[in-house]
Amino acid sequence: MKKVLAVIAALIISVGAYAQIERPVKWAYAAKKTGATEVTVFLKANIESGWHIYSLNLKDGGPIKTSFTFVKSPEYSLVGKSIEPKPATKFEKSFGMDVSYFENEVVFQQKIKLKSPKASAVKGSLTYMTCNDHKCLPPEDVNFSIPLGK
């Protein structure tokens, strides 16, 4: 009987732990036509209060920087690099260095040149790491598909 109770207790604890997976960042996507053959895609992070994500531009040896990987396509090509607004910067003791980060929300942008009128979406993935004053969560990879509209 004790073994059965122990198994039940372990199941309850593991289900409770599973239900508490933290996801303090939610992503949203949009695209806006900015020229006859140019589109700007927007990747927006909504960040829960007390948490932050890191800049696209961090030195090695610190936290995992936010990054975007776009699927290569004959229908479109990237124009330049992804851009971000000006981040906040501070010294983080846990990394022993100055780091640049965003709180609350941030919108990243990437210009796209359309090579085909059939281009319907820009696909790719993003990687980011989120931290608060007490801990950092493991880096997370998120796939995206951003409709280009017509």
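Cut-offs and rules
Residues numbered from 1 in each chain as written. Predicted model: local features only at pLDDT ≥ 70, side-chain atom pairs only at ≥ 80, totals over all residues. Heavy atoms only, no water. Salt bridge = Lys/Arg side-chain N within 4 Å of Asp/Glu carboxyl O. Helix = DSSP H or I, 4+ residues; strand = E, 2+ residues; numbered from the N terminus. Pairing = 2+ DSSP bridges. Axes fitted to C-alpha atoms, helices over the stretch in contact; angles between N-to-C directions.

A. The pattern of salt bridges, seen in detail. Applying the stated criterion across every chain, the model contains three salt bridges. Two residues, E105 and K44, come together in a salt bridge whose shortest N-O distance is 3.5 Å. Here E105 is found in strand 8 (residues 105-114), whereas its partner K44 is found in strand 2 (residues 38-47), with 61 residues between them in sequence.

B. Molecular detail of the sheet that holds strand 8. Taken together, four strands build an open sheet; the order of strands is 1-2-8-5 and the sheet is antiparallel. Either end of the sheet is taken by a strand with one partner, and the two such strands are strand 1 (25-35) and strand 5 (76-83). Across the sheet, the mean angle from the axis of one strand to that of its neighbour is 25°, orientation sign disregarded. Note: strand 5 against strand 8, five bridges, orientation antiparallel. Across the sheet, the residue bridging to Y76 is L114, located in strand 8.

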